[in-house]
Amino acid sequence: MEALIASYGDSSSDSESESQPPIDNRSPPATVLPPPPIDLLNPPNTLGTFDYLERNSGSRIRSFPHIEGNYALHVYIPVFIPPERKKELTRFLKKATSLVQGLHVVDIDVPLHLLLKDEEKMVQAALGREFHISLGRTVPIRVHQIDSVVAMLRQKLQFQKRYLIDFNKWEVFVNDDKTRTFLSIENTTRGLSEITKHIQAVNEVYKLHNLPEFYKDPRPHISVAWAVGDISQSLKRVVEGEMKTRNNVGGLSMRSMFTCKFSNIVCKVGNKTYNICGSQGQ
């Protein structure tokens, strides 16, 4: 309290202030503490300095310009990779990263080459997250369209049976304006017919709101890595080599890399998510 009074001044008279002994505001000498253990700087459940120093999101280009009052709409099926299949997928990710420059982890944008020496961090960063199968294009909508889009999606997709989705093929995709290349895992067998029906339903809702429909020949997939620009040729050579190797090892090319259960469909508008059908969670 005396220190606060000394800093801001006392309301008493000057004579009273002069009659009081001076207050020593000097702080005691600070104690120098030893540096923290290095493990504390990079806890086991984080990506350490990658969390904030090594992101490269500034090199990404928006799919459409930001306009005040517009919100990005994305309809998708959440996908989680089973823990027992992550090491096999990581092996190829490491190979692709060593042969093709510029690959980043999807969403958090960490350069994959920084994770080559630490397999656990690569598994955690690249494969330990929620992925998605897009059921429609990511497009901007106006605020007055949100309730209508969500209501119609729920109406058309409310009754959905559980089914299994097989992911059995590495593939390379490039966005429409060729500003980004994606390393993906495609679904070509079990679950494909059900996902195609979902896409058709989403297309109907998009058309009613004058939104661009999905690709005519959709190829459901999840993307695990991306790079700036069109590097599809170099990345496809690596993917084709991997698929050829799988085919030579007992016909593994059509074997599922991993299988997940369809659980729900999500509609994300801006930062808000709406559960369209099914139960949320892994």
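It should be emphasised that the depicted structure is a prediction, and the values quoted were computed from it without experimental measurement.

## Topic: the overall build of the protein
Item 1. Within the protein, the secondary structure is distributed over 8 helices and 11 strands.
Item 2. When each of the 282 residues of the protein is scored for burial, the buried share is 39%.
Item 3. Put simply, of all contacts in the protein between residues at least 6 apart along the chain, 78% involve residues at least 24 apart.
Item 4. Surface accessibility of the protein: about 17,000 Å² in total, with carbon and sulfur atoms responsible for 52%.

## So, the confidence of the model for the protein
Item 1. The predicted model of the protein averages 82 in pLDDT, with 73% of residues at 70 or higher.
Item 2. Here residues 1-25 scores under 50 on pLDDT; set against residues more than four positions off or in separate chains, the count is 4 contacts.
Item 3. Note that pLDDT drops below 50 for residues 35-58; the model gives that stretch 30 contacts with residues more than four away or on any other chain.

## Section: the sheet that holds strand β6 (residues 169-174)
Item 1. Read across the open sheet, the 4 strands follow the order β2-β8-β7-β6; overall the sheet is antiparallel. Each end of this open sheet is capped by a strand with a single partner; those strands are β2 (104-105) and β6.
Item 2. Pairing between β6 and strand β7 (residues 180-186): 6 bridges, direction antiparallel. For K169, the partnering residue across the bridge sits in β7 and is E186.
Item 3. Contacts from helix α4 (residues 86-99) reach β6, β7 and β8 (221-228), with the element oriented near 155° to β7.

## So, the nonpolar core
Item 1. Counting 63 residues, the largest nonpolar core has L73, W170, L183, I222 and V224 as its most contacted members.
Item 2. Take this core: its biggest share by element is 6 residues, from helix α7 (residues 192-208).
Item 3. Beyond its immediate sequence surroundings of up to four residues, W170 is in contact with L89, F92, L183, S184, I185, V224, V239, E242, M243 and M257.

## Concerning the packing of aromatic side chains
Item 1. In this structure the tally under the stated criterion is 4 aromatic pairs.
Item 2. Between Y163 and F262 the ring centres are 4.7 Å apart and the planes differ by 5°, which places this aromatic pair in the stacked class. Here F262 lies in the loop between β9 (258-261) and β10 (264-269) and Y163 lies in the loop between α6 (146-157) and β5 (164-167), a separation of 99 residues in the sequence.
Item 3. Owing to a relative accessible area of 10%, Y163 belongs among the buried residues under this scheme.
Item 4. Here F167 and F258 contribute two aromatic rings whose centre-to-centre distance is 4.7 Å and whose plane-to-plane angle is 15°, an arrangement assigned as stacked. With F167 in strand β5 and F258 in strand β9, this residue pair connects regions lying 91 residues apart in the sequence.
Item 5. Across the ring face of Y215, the terminal group of R137 is positioned such that the distance to the ring centre comes to 4.2 Å.

## A short note on unusual backbone geometry
Item 1. The backbone of D109 sits at a positive phi, close to 65°, despite the residue not being glycine.
Item 2. Mapped onto the fold, D109 is located in the loop between β2 and α5 (119-127).
Item 3. We classify D109 as buried; its relative accessible area is 4%.
Item 4. Phi is positive for K178, close to 60°, though the residue is something other than glycine.

Reading the values: the criteria
Residues numbered from 1 in each chain as written. Predicted model: local features only at pLDDT ≥ 70, side-chain atom pairs only at ≥ 80, totals over all residues. Heavy atoms only, no water. Helix = DSSP H or I, 4+ residues; strand = E, 2+ residues; numbered from the N terminus. Buried < 20%, exposed > 50% of the residue type's maximum accessible area, 1.4 Å probe, protein only. Contact = heavy atoms within 4.5 Å. Areas by Shrake-Rupley, 256 points an atom, 1.4 Å probe, with all protein chains shown as cover. pLDDT = per-residue confidence, 0-100. Pairing = 2+ DSSP bridges. Axes fitted to C-alpha atoms, helices over the stretch in contact; angles between N-to-C directions. Core = buried A, V, L, I, M, F, W, Y, C linked by side-chain atoms within 4.5 Å. Phe/Tyr/Trp six-rings, centres within 6.5 Å; stacked < 30°, edge-to-face > 60°. Lys NZ or Arg CZ within 6 Å of the ring centre and 35° of its normal.

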